[in-house]
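# Structural description and commentary
These are the residues of each chain, in order.
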Amino acid sequence: MKPRSKILIIAGSDSSGGAGIQADVKTATCLGIYAMTSVTAVTIQNTKGVKSIVPIPPDQIYKQIVYTAKDIKPDSIKIGMLHSTKVINNVMKSLQKIRTKKVILDPVMVAKGGSKLINEKAIKLMKKKLLKKVLLITPNVPEAEILTGLKISTKEEMIIASKKLIKSGAKNVLIKGGHLNSKKVYDIFVNKNEIKIFSSNRFKTKNTHGTGCTLSTAITSFLSCGKTLKKSCELGIKYVNSAILTNPKIGKGHGPINHLNSIKLKKIFK
Ligand code: PXL
């Protein structure tokens, strides 16, 4: 096949390959999409945790975005790890310049092992400005709690938090329920006009590293080839569920999921 469309990914690198930009490029590729990147930070990590984080200078992040998009216009954009206010400001400036409407923000805050991937001031700026400039935000429950100041322990409280985010200026919100203790996993999609609850089976595994990155990029990918936002969320959730179910069980800690679940290899390459 040939690429169906083109996306730009603005995110941090995960040396272990399971999350961050590596997960994003794999996801887009396995869904038939051409992926461009702007790297915001380089992390040193394996499945057991993050060892260090080296930030990329904010003006370099800006230039990666603007110079790349000037040549190849992205159909949609995914934003992941943004660790400082300077990075957020540069990303906002670049988005204004390249004028792509379909922008998805995964408000990445903490890695699986507990390492912080964003500072406090940056969270405030994200809430105040960036949140309002994107088409969709995809927080997990702990991130939604920080963004709203609310405690979330049930599906109903997820809906209340989503509505609060809409009130504070978000256009569309998908809160991911994987962190709750419920038997099923509920992901809640909310905008001004509707509430849609996606219900999935919960798989018992510790290998869920990179699920958030993968979901937001899968949604960005489906959106880039013309599907509606709600359909893109539904298909993105399906792709992640299938990737968790078939996870390759590699690494000694929280292992990666299986991005290849959508792919069939031609016989001549086997
Ligand atoms: O899953 C959040 C995330 C995002 N971006 C990078 C990461 C992680 C988690 O480890 O390393 C670069």
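Just above sits the structure.
## Some remarks on the pairing of strand 8 (residues 184-191)
Summarising burial for strand 8: 6 of the 8 residues are buried, a large majority. Bridging between strand 7 (residues 172-176) and strand 8 involves 5 bridges; their strand directions are antiparallel. The residue of strand 8 that forms the bridge with asparagine 172 is asparagine 191. When strand 8 meets strand 9 (residues 195-201), the two strands line up antiparallel, connected through 7 bridges.

## Observations regarding helix 6 (residues 155-167)
With 13 residues, helix 6 extends 19 Å between its outermost C-alpha atoms, agreeing within 8% with the 18 Å of an ideal straight helix rising 1.5 Å per residue. All of the buried residues along helix 6 are Met158, Ile159, Ala161, Ser162, Leu165 and Ile166. An end-on view of helix 6 places all buried positions within 165° of arc, on one side of the element. Among the exposed residues of helix 6, those pointing more than 90 degrees away from its buried face are Ile160 and Lys167. Turning to helix 6, the residues buried within the fold contact helix 4 (120-133), strand 6 (136-137), helix 5 (141-148), strand 7, strand 8 and strand 9. In the segment just after helix 6, glycine 169 is the residue with positive phi, at about 120°.

## Looking at a nonpolar patch on the surface
A surface patch of nonpolar side chains, amounting to about 380 Å² of accessible area, comprises Leu265, Ile268 and Phe269. Here isoleucine 268 is to be found in the segment after helix 8 (229-245). Residue class for isoleucine 268 comes out exposed when judged on its relative accessible area of 69%.

## A word on the packing of aromatic side chains
The relative placement of two aromatic rings is captured by the distance of their centres and the angle of their planes. Taken as a whole and judged by the stated rule, the model has 0 aromatic pairs. The ring centre of tyrosine 62 lies 4.5 Å from the NZ or CZ of lysine 93, which sits over that ring.

## A closer look at the site of the ligand
All residues in the neighbourhood of the ligand are listed as Gly12, Ser13, Asp14, Ala19, Gly20, Gln45, Met81, Val108, Ala111, Leu117, His209 and Cys213. Glutamine 45 places a side-chain nitrogen or oxygen 2.5 Å from an oxygen atom of the ligand. Out of a free accessible area of 310 Å², the ligand has 91% covered by protein chains. Considering every element that reaches the shell around the ligand, the biggest residue donor is strand 1 (residues 6-14), with 3 residues. Across the shell around the ligand, the residue classes tally to 6 nonpolar, 5 polar and 1 charged.

Conventions used here
Along each chain, numbering runs from 1 in the same order as the chain's sequence is written. For a predicted model such as this one, the threshold for reporting local features is a pLDDT of at least 70, and the threshold for listing and counting side-chain atom pairs is 80 or more; totals across whole chains, interfaces and linings nevertheless cover every residue. With hydrogens and water excluded, all non-hydrogen atoms of the structure serve as input to the side-chain values. Accessible area is worked out with a 1.4 Å probe on protein chains only. A residue is then buried under 20% of its type maximum, exposed over 50%, and partly exposed in between. Only DSSP runs of H or I with at least four residues qualify as helices, and only runs of E with at least two residues qualify as strands; both kinds are numbered from the N terminus onward. DSSP bridges decide pairing: two strands pair if at least two such bridges lie between them. Helix span is expected to be 1.5 Å times the residue number reduced by one. Think of the arc as the fan of directions from the helix axis to the C-beta atoms. In what follows, a contact means two residues having at least one pair of non-hydrogen atoms within 4.5 Å. The patch calculation keeps residues exceeding 30% relative accessible area without a salt bridge and links them within 9 Å when they carry like charges or within 5 Å when they are nonpolar (Val, Leu, Ile, Met, Phe, Trp, Tyr). Per-residue accessibility takes into account occlusion by the displayed protein chains alone, with areas from the Shrake-Rupley method and a 1.4 Å probe. Salt bridges are counted wherever a side-chain nitrogen of Lys or Arg sits within 4 Å of a carboxyl oxygen of Asp or Glu. Side-chain rings of Phe, Tyr and Trp, where Trp is taken by its six-membered ring, are said to pair if the distance between their centres is within 6.5 Å; with planes under 30 degrees apart they count as stacked, over 60 as edge-to-face, and otherwise as tilted. By the criterion adopted, a ring carries a charge over it if an Arg CZ or a Lys NZ lies within 6 Å of its centre and within 35 degrees of its normal. Proximity is defined per residue: if any heavy atom of the residue lies within 4 Å of a molecule or strand, that residue is considered near it. Identification of polar contacts relies on pairs of N or O atoms within 3.5 Å, with a donor-acceptor requirement for protein atoms, meaning one able to donate a hydrogen and the other able to accept it, and with residues adjacent in sequence counted only if both atoms are side-chain atoms. Charged residues are taken to be Asp, Glu, Lys and Arg, nonpolar residues to be Ala, Val, Leu, Ile, Met, Phe, Trp, Tyr, Cys and Pro, and polar residues to be all remaining types, Gly included.

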